[in-house]
2 protein chains.
Amino acid sequence: MRGRPTIYEDDNIIKKAQEVFWQKGYSATSLSDLQKATGAGAGSFYNTFKGGKKEVFKKAIEERRLAFDAFKIELSKSGSPLELIKDFFRSIASAEENEHLKGCIIANTIVEMTFIDENLEDNAVQILKEVEQMFTQAIKNEQIKGNLKTQTDPEILGRYLITFWCGLNTLRRMYPDKNVLKNQIEMQLAVIS
Amino acid sequence: MRGRPTIYEDDNIIKKAQEVFWQKGYSATSLSDLQKATGAGAGSFYNTFKGGKKEVFKKAIEERRLAFDAFKIELSKSGSPLELIKDFFRSIASAEENEHLKGCIIANTIVEMTFIDENLEDNAVQILKEVEQMFTQAIKNEQIKGNLKTQTDPEILGRYLITFWCGLNTLRRMYPDKNVLKNQIEMQLAVIS
DNA sequence: CTATTTATGTATCAATCATTACAAAAATAA
DNA sequence: TTATTTTTGTAATGATTGATACATAAATAG
């Protein structure tokens, strides 16, 4: 391969940029913010991402989708997928305060982008719908196996969990406190048993 | 009173500005947006609000707090306050699509402002905590009167409702659909009975 | 009428925005 | 070595940002 060697890897730029977008959102993050966070100057930045700020944001979101996908695969291998989902919620409580304040980048994007960018909005909505689908399927399977008392439609229960996820996204900022969140999470998970 | 008469009333500017902030959030709303929406030029705008954009946003949020306060007074007069709260949630389902997409301006602000403006963030958090307190108190009273089966700590149940409120803030955008929301709201309210 | 006061509309401000232009740097291919 | 290719760093670009300056309009007080 010819040419000056790359010192700012695409993946690394996206990861660093994701951290800033996650905290400040799309609109409030400036190119200057991204350049400081990634170390890359305007030259490298636009050479790597012709689509500029929006392309990097899309890829940061896409990166997050992959994390959810990885969890989905983990679920499919698990003997007790619903318990894995519940543990996923439980693990939220013990996160660092900064993680509470950051919340979920996908849920954040849905709230921020509604009247700003239809495309980014729809992308984010689609991702959470897939997560919801994952919840629904796990609940359905567990009901079929006779492991759940509740006979409520799994579609409703899946939506209950994604609603909880989105609610937690704000509750965590109101109470970035391990004990408060732990109690709340246990109470809400008890609905699905 | 001396001087040229006011044609852009403070309250009217705030109401019109609130609508824009509600849809686009703080950062993505420009002064140009506000001037278009209110009709007031830069002269009138800064003459009326020395604090500029931020002052108007604060007042738009304050206006919303008053709406919650009004509901609180309505509650105190009601014979069945918990039922009033439940109806408040139920009424969400039948809102217009545009209202679903706008969501709750206070919850939106909490999500947007976390790493952007501590003061605006804290204000919004405080408001939702007061709403939560209103939920908690209504549930506590109903438990004392022996009208509720559930003996779960009213503090947990109040937090459950405010978490639901915040979750609904995103779910409404995912499914701005009357039937989906109606089913979801009924299911979640059934937990408090 | 005149002086005073307040609101308005417009021009302008410096700062920042996202993006582009371009020359120098640093590699490989021939 | 020389030509070619790609990345990098820096210096611009024009547009937009939030905010100010200021002359004029439009009222009242005396």
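The preceding data block contains the structure.
The following refers to the structure shown. Because the structure is predicted, anything quoted here is derived from the model rather than measured. (Residues numbered from 1 in each chain as written. Chains lettered and ligands numbered in written order. Predicted model: local features only at pLDDT ≥ 70, side-chain atom pairs only at ≥ 80, totals over all residues. Heavy atoms only, no water.)

Counted by the stated rule, this structure contains 22 aromatic pairs over all chains. By the ring-pair criterion, three or more aromatic residues cluster together here, those being Phe71, Phe88, Phe89, Phe135, Phe164 and Trp165 of chain A. The ring centre of tryptophan 22 of chain A lies 4.5 Å from the NZ or CZ of lysine 102 of chain A, which sits over that ring. Directly above the aromatic system of phenylalanine 68 of chain B lies the positively charged group of arginine 64 of chain B, at a separation of 5.4 Å from the ring centroid. (Phe/Tyr/Trp six-rings, centres within 6.5 Å; stacked < 30°, edge-to-face > 60°. Lys NZ or Arg CZ within 6 Å of the ring centre and 35° of its normal.)

Moving on, we get to the packing of helix α4 (residues 52-77) of chain A against helix α8 (residues 118-144) of chain A. Residue and element names in this part refer to chain A. Viewed as axis vectors pointing N to C, α4 and α8 meet at an angle of 5°, and their least axial separation amounts to 11 Å. Looking at the two axes, α4 sits roughly parallel to α8. Here Lys54, Phe57, Lys58, Ile61, Arg65, Phe68, Phe71, Lys72 and Leu75 of α4 lie close against α8, whose contacting residues are Asn119, Leu120, Asn123, Ile127, Glu130, Val131 and Met134. Along the lines of polarity and charge, the residues of the contact of α4 with α8 split into nine nonpolar, two polar and five charged. (Axes fitted to C-alpha atoms, helices over the stretch in contact; angles between N-to-C directions. Helix = DSSP H or I, 4+ residues; strand = E, 2+ residues; numbered from the N terminus. Parallel < 35°, antiparallel > 145°, perpendicular 65-115°, else oblique. Contact = heavy atoms within 4.5 Å. Nonpolar A, V, L, I, M, F, W, Y, C, P; charged D, E, K, R; others polar.)

Residue and element names in this part refer to chain A. Under the counting rule described, the total for this entry stands at 25 salt bridges over all chains. When the shortest N-O distance is used, the salt bridge between lysine 59 and glutamate 55 registers 2.7 Å. Residue lysine 59 and its partner glutamate 55 are located together in helix α4, separated by four residues, close to a single helical turn. For glutamate 55, a relative accessible area of 22% corresponds to the partly exposed category. Its salt-bridge partner being glutamate 62, residue arginine 65 comes within 2.8 Å of it at the nearest N-O pair. Here the residue arginine 65 and the residue glutamate 62 both occupy positions in helix α4, the gap between them amounting to three residues, near one helical turn. (Salt bridge = Lys/Arg side-chain N within 4 Å of Asp/Glu carboxyl O. Buried < 20%, exposed > 50% of the residue type's maximum accessible area, 1.4 Å probe, protein only.)

In this section: the environment of alanine 124 of chain A. Residue and element names in this part refer to chain A. Mapped onto the elements of the fold, alanine 124 is located in helix α8. Of the residues examined, alanine 124 reaches a relative accessible area of 0% and is grouped as buried. Separated by 63 residues in sequence, alanine 124 and isoleucine 61 have C-alpha atoms that sit 7.7 Å apart. For alanine 124, the residues in contact, after removing those within four places along its chain, are Ile106, Thr109 and Ile110.

With that out of the way, let us pick up the state of the cysteines. Applying the stated criterion across every chain, the model contains zero disulfides over all chains. Cysteine cysteine 104 of chain A remains unbridged, with the sulfur of cysteine 166 of chain A as its closest cysteine sulfur at 7.0 Å. (Disulfide = S-S within 2.5 Å.)

A word on the interface of chain B and chain A. Contacts between chain B and chain A engage 40 residues on the former and 40 residues on the latter. Three residues stand out in chain B for area buried against chain A, namely Val111, Phe115 and Met174 of chain B, and they jointly supply 19% of the buried area on that side. The interface formed by chain B and chain A contains zero salt bridges. In this assembly, chain B and chain A are joined by 10 residue pairs in polar contact (both at pLDDT 80 or more). Mapped by element, the contributors of at least two residues to the side of chain B that touches chain A are α1 (10-24), α6 (97-102), α7 (105-113), α8 (118-144), α9 (154-174) and α10 (178-190) of chain B. No other element matches the 15 residues that α9 of chain B contributes to the side of chain B that touches chain A. Classifying every residue of the side of chain B that touches chain A gives 21 nonpolar, 12 polar and seven charged. (Buried area = accessible area lost by both parts, 1.4 Å probe. Polar contact = N/O pair within 3.5 Å; in protein donor to acceptor, adjacent residues only side chain to side chain.)

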